[in-house]
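Chain residues, written in single-letter form:
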Amino acid sequence: MARTENQNRRKDEAKIEKVQEEFIDKLVHVNRVAKTVKGGRRMAFAALVVVGDQKGRVGFGTGKAREVPEAIRKATDAAKHALIRVPLREGRTLHHDVIGHFGAGKVILRAAPAGTGIIAGGPMRAVFETMGIQDIVAKSQGSQNPHNMIRATFDALTSVNSLLSNSLIQ
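Residues numbered from 1 in each chain as written. Predicted model: local features only at pLDDT ≥ 70, side-chain atom pairs only at ≥ 80, totals over all residues. Heavy atoms only, no water.

Topic: the pairing of strand β3 (residues 57-65)
Looking at chain direction, strand β2 (residues 40-52) and β3 are connected through eight bridges and run antiparallel. Its bridge partner being in β3, Leu48 is matched across the sheet by Thr62. Counting the residues that bridge the hairpin from β2 to β3 gives four residues, and of these Gln54 lies at a positive phi of roughly 60°. Two strands pair when backbone bridges link them, and β3 and strand β4 (residues 84-85) are joined in this way by two bridges, in the antiparallel orientation. Each residue of the ladder has a partner; that of Arg57, found in β4, is Arg85. (Pairing = 2+ DSSP bridges. Helix = DSSP H or I, 4+ residues; strand = E, 2+ residues; numbered from the N terminus.)

Details of helix α2 (residues 68-81)
The end-to-end C-alpha distance of α2 is 20 Å, a good match for the 20 Å that 14 residues give at a rise of 1.5 Å each. Of all the positions in α2, only Ala71, Ala75, Thr76 and Ala79 are classed as buried. End-on, the buried residues of α2 take up no more than an arc of 135°, which puts them together on one face. Away from the buried face of α2 by more than 90 degrees, exposed residues Pro69 and His81 are located. Contacts made by the buried residues of α2 are with β1 (24-37), β2 and β3. (Expected span 1.5 Å × (residues − 1). Buried < 20%, exposed > 50% of the residue type's maximum accessible area, 1.4 Å probe, protein only. Arc of directions from axis to C-beta. Contact = heavy atoms within 4.5 Å.)

Some remarks on the nonpolar core
Judged by nonpolar contacts, the single largest core of 26 residues is most densely connected at Leu94, Leu109, Met124, Val127, Phe128 and Leu157. In terms of residue count, the dominant contributor to this core is helix α4 (residues 146-158) (six residues). Aside from chain neighbours lying at most four places away, what touches Leu109 is Leu94, His96, Asp97, Val98, Met124, Phe128, Ile136, Val137, Ala138, Thr153, Ala156 and Leu157. If you look at the next biggest cluster of nonpolar residues, it comprises eight residues, including Phe23, Ala65, Ala71 and Ala79. (Core = buried A, V, L, I, M, F, W, Y, C linked by side-chain atoms within 4.5 Å.)

So, the pattern of salt bridges
Going through the model one piece at a time under the given rule, you end up with eight salt bridges. A salt bridge links Glu90 to Arg92; the shortest N-O distance between them is 3.1 Å. Through salt bridges with shared partners, one network takes in Lys26, Arg125 and Glu129. (Salt bridge = Lys/Arg side-chain N within 4 Å of Asp/Glu carboxyl O.)

So yeah, pure geometry; function would need other evidence.
So, in structure tokens, the structure goes:
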């Protein structure tokens, strides 16, 4: 009986490893934060991570801990639980141009012809690389804060519709 439990455990561990392998994660930003306490300042680290499967699924997460690796692990776990699916045209670009807003940040995402590549700044580039987009032109306006830029990018990506989804809605 113990043998079958071990075999089942190994199968479960193999499934977990398989799920872990399909995601690519990119660290976007690490910020050192301080909390003032009676004895002085208590330092911690906040991490912002983007996770994707390069097939149209992407998510972001934040984590905070006393050490950087622990903050990154927490952010990665949060990102894996907050995945969204974005329809891609020909598996390489968006179906149409979109605009996203968050706070003072605004991003403009434009579909691009084959061979253009990813023309985007910092945090947006990490989102597109992990999502699997190969051709896109993006412009950020307003806030330069990585958190606001990523949230504005996700706001834009959630409003992307494919022709198939439009026909299903009508």
